[in-house]
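Survey of secondary and tertiary structure
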Amino acid sequence: MAPIAALRGTRDIPPGESAAWRWLLETHRRVAEAHGYRPIETPIIEATELFERGVGTGTDVVEKEMFTFVDRGGRSVTLRPEGTAGVVRAVLSSSLDQEIRPVRVHYAGPFFRNERPQAGVQRQFTQAGIECIAERSPDLDVEVIEVGWRLFEALELRGVHLQVNSLGDPDDRTRYRAALVAYYEPLAEQLCDDCRRRLSTNPLRLLDCKRDQRFVADAPLIWDYLSGASRDYFTAVQAGLERARIRATVNARLVRGLDYYTDTAFEFWHDTLQGSQNALGGGGRYDGLAEVLEFPATPGIGYALGLERILIAARASGVAPDQEPACDVVVISVDVDAAPDATDWARKLRAAGLRVVTDATDRRLDRKLRSAAKLDPRVAVIIGEDERRAGGAVVRDMRERSQQSVVADQVVATVLHLI
Ligand code: HAM
């Protein structure tokens with residue numbers, strides 16, 4: 001029998017990748033908190049209804065990609081495919097919006113979509129996002145986009161292209177949807193199966209079908225259906241972005257895959273990612289979401305970034321940090337008699353704040369040094385018979401390959417000096 005493998009579309013993060021992940025998560029936390037966003041965590045598993053209502057039954061996510069099952073109590077539950085619906089539920093059900101407005105929160109963690117795995121597409125993937133809930137103003141749309149933009153700057157990731165669009169208010173969209181249906185209906189015979197279905201369920205999605213792109217150029221544009229107020233709002237957002245010196249491409253074909261968006265919608269694209277997987281992240285305003293979840297009408301805007309995709313782009317651009325050394329110091333006993341002293345030195349060095357590994361095995365010193373080198377420590381502390389008797393240690397600089405015999409009360413200071 002073959003050993004048990006990880007599920008398709010899921011992957012392990014080995015210790016060697018932890019530095020890059022820590023860098024992404026920590027930088028996102030830092031940039032979000034610099035803008036006043038505070039951490040929030042919501043459950044990974046939610047009532048299926050949350051996503052059916054929030055994300056929309058006509059979306060690919062709800063129609064084909066959710067991991068949904070009936071729990072032992074006969075209730076339909078779903079592994080969260082996205083974070084916004086859960087965060088809005090969490091914020092409004094605990095009335096956080098009654099304390100401070102807007103509510104600014106950030107989050108990061110695993111999300112699940114049953115998509116076909118390929119580069120940049122997994123079934124379990126990691127998003128980091130922010131949501132700004134309970135106020136509506138173009139300044140907040142700019143703020144949310146800016147947090148994402150400043151993150152890419154902090155990561156020193158170049159080649160990110162911001163795409164923005166306005167999806168208008170629900171009335172604008174109803175008019176636009178009718179115009180799209182009128183345009184596509186005579187072409188129905190030539191459309192792919194998915195798009196024929198979308199024509200009645202979610203006609204906006206026809207615009208980003210990869211197979212039926214040839215019809216998109218002549219399709220009606222959302223801008224021609226925006227009310228004066230929606231246009232003014234979008235113009236104010238664009239002016240704010242300009243003032244923040246954030247270069248944005250206005251893309252009239254940008255529609256997002258989730259139903260809850262109104263007004264501003266945006267995506268961050270990157271050159272190194274291909275085709276439909278070129279979005280490092282995206283977001284937008286969702287002023288109607290709270291109501292479809294049966295909460296009082298509450299506006300909101302946010303984004304989510306795909307961290308696996310950012311990592312692909314960061315590695316391709318050479319800005320992702322290398323693997324970190326497994327430890328700072330290895331303490332090696334030359335023989336078994338010195339093992340207890342080696343362990344004592346390790347404790348003292350850890351108490352001084354260092355990451356320390358001991359090797360008290362019964363191997364030859366050269367073997368121990370060779371295997372210590374694989375952990376890439378800056379220093380090795382070697383305890384031989386002489387040192388054990390005299391109470392000191394040999395401190396070896398692993399980079400310079402030089403070493404010195406050090407008296408007991410100087411060992412910690414000497415190691416700290418080298419590091
Ligand atoms: P989304 O565009 O569905 O938006 O997902 C955001 C990002 O998550 C994508 O741009 C992509 O980088 C990443 N992503 C999505 N699916 C996968 C996958 N199967 N494998 C790897 N990465 C993936 C949302 O989820 C919204 N909740 C964003 C939002 C927040 N809107 C307002 N607030």
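Now for a quick tour of the structure.

**Some remarks on the sheet that holds strand β13 (residues 356-359)**
Pairing within the open sheet is mixed, and its 5 strands lie in the order β13-β12-β14-β15-β16. In this open sheet, the two strands that pair with only one neighbour each are β13 and β16 (402-406). The mean inter-strand angle of the sheet, taken between neighbouring strand axes irrespective of direction, is 20°. Pairing geometry for strand β14 (residues 379-383) and strand β15 (residues 393-397), over 4 bridges, is antiparallel. From the neighbouring strand, Val381 faces β15, where its bridge partner is Val395. Lying on the sheet, helix α12 (residues 365-374) is in contact with β12 (329-333), β13, β14 and β15; it crosses β12 at an angle near 165°. Strand contacts of helix α14 (residues 411-418): β12, β14, β15 and β16, with the helix running at about 0° to β15, the strand carrying the most contacts.

**Points about the pattern of salt bridges**
Opposite charge on two side chains permits pairing when their charged atoms draw close. The tally for this structure, following the rule as stated, stands at 29 salt bridges. Between Arg22 and Glu324 there is a salt bridge, with its nearest N and O atoms 3.8 Å apart. Here the residue Arg22 occupies a position in helix α1 (residues 18-34), and Glu324 occupies one in the loop between α10 (307-316) and β12, the gap between them amounting to 302 residues. In this structure Glu324 comes out as partly exposed when scored by relative accessible area, which is 42%. When the shortest N-O distance is used, the salt bridge between Glu26 and Arg29 registers 2.4 Å. A residue pair is termed a helical-turn pair when its members lie 3 or 4 positions apart in one helix, as Glu26 and Arg29 do in helix α1 at 3 residues. Taking the relative accessible area as the measure of exposure, Arg29 reaches 31% and is therefore partly exposed. Because the salt bridges share partners, they merge into one network encompassing Arg136, Asp141, Asp263, Arg285 and Asp287.

**Here's the deal with the site of the ligand**
Taken together, 27 residues surround the ligand, and among them Glu82, Glu115, Gln122, Glu131 and Tyr261 come closest. Arg256 places a side-chain nitrogen or oxygen 2.9 Å from an oxygen atom of the ligand. One of the backbone nitrogen or oxygen atoms of Gly306 is found 3.3 Å away from an oxygen atom of the ligand. Across the complex, the protein chains shield 95% of the 660 Å² of accessible surface that the ligand would expose by itself. If you list the elements that add at least two residues to the shell around the ligand, you get β6 (124-133), β10 (279-285) and β11 (300-306). When the residues that make up the shell around the ligand are grouped by side-chain class, the tally is 11 nonpolar, 10 polar and 6 charged.

**Concerning the packing of α1 against α10**
It is at 11 Å that the axes of α1 and α10 come closest, and there the two elements cross at 115°. Taken together, the axis directions place α1 and α10 in an arrangement best described as roughly perpendicular. Seen from above, α1 lies across α10 with right-handed handedness. Of the residues in α10, those touching α1 at Ala20, Trp21, Trp23, Leu24 and Leu25 are Leu307, Glu308, Ile310, Leu311, Ala314 and Arg315. In terms of residue class, the contact of α1 with α10 is made up of 9 nonpolar, no polar and 2 charged.

**Regarding the sheet that holds strand β8 (residues 248-250)**
Whether parallel or antiparallel, the strands of a sheet pair through hydrogen bonds between backbone atoms. Here 8 strands make up an open sheet; going across it, the order is β1-β5-β6-β11-β10-β9-β7-β8 and the pairing mixed. Strands with a single pairing partner mark the edges of an open sheet, and in this sheet they are β1 (38-39) and β8. With 3 bridges connecting them, strand β7 (residues 160-166) and β8 associate as parallel partners. In the strand pairing of β8, Gln163 is matched with Thr249. Most of the contacts of α1 go to strand β5 (residues 103-112), to which it runs at about 160°, and overall it touches β1, β5, β6 and β11.

Quick notes on the rules
- Residues numbered from 1 in each chain as written.
- Predicted model: local features only at pLDDT ≥ 70, side-chain atom pairs only at ≥ 80, totals over all residues.
- Heavy atoms only, no water.
- Pairing = 2+ DSSP bridges.
- Helix = DSSP H or I, 4+ residues; strand = E, 2+ residues; numbered from the N terminus.
- Axes fitted to C-alpha atoms, helices over the stretch in contact; angles between N-to-C directions.
- Contact = heavy atoms within 4.5 Å.
- Salt bridge = Lys/Arg side-chain N within 4 Å of Asp/Glu carboxyl O.
- Buried < 20%, exposed > 50% of the residue type's maximum accessible area, 1.4 Å probe, protein only.
- Near = heavy atom within 4 Å.
- Polar contact = N/O pair within 3.5 Å; in protein donor to acceptor, adjacent residues only side chain to side chain.
- Areas by Shrake-Rupley, 256 points an atom, 1.4 Å probe, with all protein chains shown as cover.
- Nonpolar A, V, L, I, M, F, W, Y, C, P; charged D, E, K, R; others polar.
- Parallel < 35°, antiparallel > 145°, perpendicular 65-115°, else oblique.
- Left-handed = near helix turned anticlockwise from the far one by under 90°.

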